[in-house]
Amino acid sequence: MSKETLLEVEDLHTYFYLGDKVAKAVDGVDLNVHKGETVAIVGESGSGKSITSLSIMRLIPQPPGKIVSGSVKLEGRDLLALSDKEMTNVRGDDIAMIFQEPMTSLNPVYTVGEQIAEMLLRHKKVKTKKEGKAKAVELLQQVGFPRAEETVKEHPHQLSGGMRQRVMIAMAMSCDPKLLIADEPTTALDVTIQAQILELMQSVKEKYHSSILMITHDLGVVAEMADRILVMYGGQIVENTSKYKLFTDAKHPYTEGLLASMPTIEEDKERLESISGTVPPADNFPQGCRFAPRCQYAMEACTKEVPALREVEPGHYVRCILYDENQGGTAHDS
């Protein structure tokens, strides 16, 4: 796998201004995705995962939201510095996104074929609607539609959830994007369809030589798809490491809690473990470590200042005072 960087996000801050309150939904996020790599961002609802992906796409509603500072570079080009017109061209040509609920992303008024053709007419060298429709049929066949010629004439409400998600993948891949962002792509689907969608995403990634940034709270999906995992909490990355390291040697107490809450075949538990408390609202983060009020290892020092994200071993970054003091890690600055 190439280690050439495709996407690099540095010190990203995205805030929402709600009356006299400021919700720091994304508060100093650093991440990168290499060419050909699948990176997953995991965490509970409210951790800032989806806002991070929408910030990369520059789809934050303004107002009340605003990307306050930071940079989002795709192959060295800062997307935050582009005009709206330039960014429109980037969406589709270079970055495509699959949203959590395709029914809200697909237009109910137009047929599936018309919506795929529109993407092709806007972004690719497709000159006519007839040519666009023919290409739409071809794309639907590639994502597993046995009756693609009929499907292009149907409206989204005539399709099942899994079929609509396949349409979204076909639309996303229609312009051969370099990066595919998938925001909870299997949440509303049953387990069998989930597996099919994940397999499909993996196959289109390999066919088009794309990279994937996946947003999910499902560690089972992560185990299936990801090369590297970023754990997010309170608008910040708290752990960043390879899939293998995360499942065998998690360092951050929050990551430990997430893993402990997963059911396993090996253990017969009457009740699954849970992390006490809830994710704090983005307009009222606690002082110091944001996980401290829920952490079994919390000490007084945890409430004083936000710990840095540090490299505790090669390629393994953790935001926890335990490793500041005991490991003497190297500050993470990329």
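Every value quoted in this text rests on a predicted model; they were computed, and no experiment measured them.

Draft legend 1. Representation of the confidence of the model for the protein chain. For the protein chain, mean pLDDT is 86; residues scoring 70 or higher make up 92% of the total. For the protein chain, per-element mean pLDDT is lowest for strand E13 (residues 330–331), which scores 43, and highest for strand E9 (residues 228–233), which scores 96. Of the regions scoring below 50 in pLDDT, residues 326–334 engages in 15 contacts with residues more than four places distant in sequence or in other chains.

Draft legend 2. Expanded view of the environment of Leu74. Inspection of the secondary structure puts Leu74 in strand E4 (residues 65–74). Between the alpha carbons of Leu74 and Ala301 there is a distance of 38 Å; along the sequence they are 227 residues apart. Those residues in contact with Leu74 that sit more than four places away from it in its chain are Leu6, Leu7, Leu79, Asp94 and Ile95.

Draft legend 3. Representation of the nonpolar core within the structure. By size, the foremost hydrophobic cluster in this structure holds 36 residues, and its most contacted members are Ile116, Leu140, Val167, Ile169, Leu180 and Met201. At the level of secondary structure, the elements contributing two or more residues to this core comprise strand E6 (95–98), helix H4 (112–123), helix H5 (129–142), helix H7 (161–173), strand E7 (179–183), helix H8 (191–208), strand E8 (211–216) and helix H9 (219–225). The element best represented in this core is H7, accounting for seven residues. Other than its neighbours up to four places away in sequence, Ile116 contacts Ala136, Leu139, Leu140, Ala170 and Met171. Core analysis: the next-biggest nonpolar cluster, separate from the first, contains 35 residues, Leu54, Leu74, Met97 and Leu179 among them.

Draft legend 4. Broad picture of a nonpolar patch on the surface. On the surface, Tyr17, Val22 and Val68 cluster together into a nonpolar patch covering about 220 Å² of accessible area. Judged by its relative accessible area of 32%, Val22 falls in the partly exposed class.

Draft legend 5. Here's a closer look at the sheet that holds strand E2 (residues 21–34). Within the open sheet, the four strands sit side by side as E2-E1-E4-E5. Their pairing is antiparallel. Every other strand in the sheet has two partners, leaving E2 and strand E5 (77–78) as the edge strands with one partner each. Relative to E5, E4 is paired through two bridges, and the arrangement is antiparallel. From the neighbouring strand, Leu74 faces E5, where its bridge partner is Arg77. Against the sheet, helix H1 (residues 49–57) makes contact with strand E1 (5–18), E2 and E4, and its axis sits at roughly 110° relative to E1, the strand it touches most.

Draft legend 6. Representation of the packing of aromatic side chains within the structure. A full pass over the atoms with the stated rule returns three aromatic pairs. With centroids separated by 5.2 Å and ring planes inclined at 85°, the aromatic side chains of Tyr233 and Phe291 adopt a geometry described as edge-to-face. Of the two residues, Tyr233 is situated in strand E9 and Phe291 in the loop between helix H11 (253–260) and strand E11 (310–313); the sequence distance between them amounts to 58 residues. Of the two residues examined, Tyr233 and Phe291, each falls in the buried class. Three or more aromatic residues joined by ring pairs form one cluster here, namely Tyr233, Tyr254 and Phe291.

Draft legend 7. Local environment of the layout of surface pockets. Here the second largest pocket defines a volume of roughly 520 Å³. His217, Asp218, Leu219, Gly220 and Val221 are, among the 24 residues lining the second largest pocket, the residues nearest its centre. Of all the elements in the fold, those that place two or more residues in the lining of the second largest pocket are H8 and H9. For the lining of the second largest pocket, the element with the most residues is H8, which contributes six residues. Residues belonging to the lining of the second largest pocket are distributed by class as follows: 11 nonpolar, seven polar and six charged.

Draft legend 8. Region of the structure containing the side chain of Asp27. Mapped onto the elements, Asp27 comes out in strand E2. A polar contact of 2.5 Å, which involves the side chain of Asp27, links it to the side chain of Arg290. Excluding residues within four positions of it along the chain, Asp27 makes contact with Leu12, His13, Tyr15, Gly235, Gln236 and Arg290.

Draft legend 9. How the structure looks around the pairing of E4. The pairing of E1 with E4 spans eight bridges and is classified as antiparallel. Looking across to E4, one finds that Thr14 is bridged to Ile67. With antiparallel pairing between neighbouring strands as the criterion, E4 and E5 make up a hairpin whose turn holds two residues, including Glu75 at a positive phi of roughly 50°.

Draft legend 10. Region of the structure containing the state of the cysteines. Taken as a whole and judged by the stated rule, the model has zero disulfides. Lacking any disulfide linkage, Cys289 is separated from the closest cysteine sulfur, that of Cys302, by 5.9 Å. Cysteine Cys320 shares no disulfide, and the gap to the nearest cysteine sulfur, in Cys295, comes to 6.3 Å.

Draft legend 11. Seen up close, unusual backbone geometry. The residue after Gln62, namely Pro63, is reached through a cis peptide bond having omega -15°. For Pro63, the location among the structural elements is in the loop between H1 and E4. Following Pro63, the chain continues to Pro64 via a peptide bond in cis, the omega torsion being 5°. Note on placement: Pro64 falls in the loop between H1 and E4. The phi angle at Arg58 is positive, at roughly 55°, despite the residue not being glycine.

What counts and what doesn't
- Residues numbered from 1 in each chain as written.
- Predicted model: local features only at pLDDT ≥ 70, side-chain atom pairs only at ≥ 80, totals over all residues.
- Heavy atoms only, no water.
- pLDDT = per-residue confidence, 0-100.
- Helix = DSSP H or I, 4+ residues; strand = E, 2+ residues; numbered from the N terminus.
- Contact = heavy atoms within 4.5 Å.
- Core = buried A, V, L, I, M, F, W, Y, C linked by side-chain atoms within 4.5 Å.
- Buried < 20%, exposed > 50% of the residue type's maximum accessible area, 1.4 Å probe, protein only.
- Patch = residues over 30% accessible without salt bridge, like charges linked within 9 Å, V, L, I, M, F, W, Y side chains within 5 Å.
- Areas by Shrake-Rupley, 256 points an atom, 1.4 Å probe, with all protein chains shown as cover.
- Salt bridge = Lys/Arg side-chain N within 4 Å of Asp/Glu carboxyl O.
- Pairing = 2+ DSSP bridges.
- Axes fitted to C-alpha atoms, helices over the stretch in contact; angles between N-to-C directions.
- Phe/Tyr/Trp six-rings, centres within 6.5 Å; stacked < 30°, edge-to-face > 60°.
- 1 Å grid on protein atoms, 1.4 Å probe; cavity = no way out; pocket = protein on both sides within 12 Å on 5 of 7 lines; lining within 4 Å.
- Points joined across faces, edges and corners; volume = space filled by probe spheres on them.
- Nonpolar A, V, L, I, M, F, W, Y, C, P; charged D, E, K, R; others polar.
- Polar contact = N/O pair within 3.5 Å; in protein donor to acceptor, adjacent residues only side chain to side chain.
- Disulfide = S-S within 2.5 Å.

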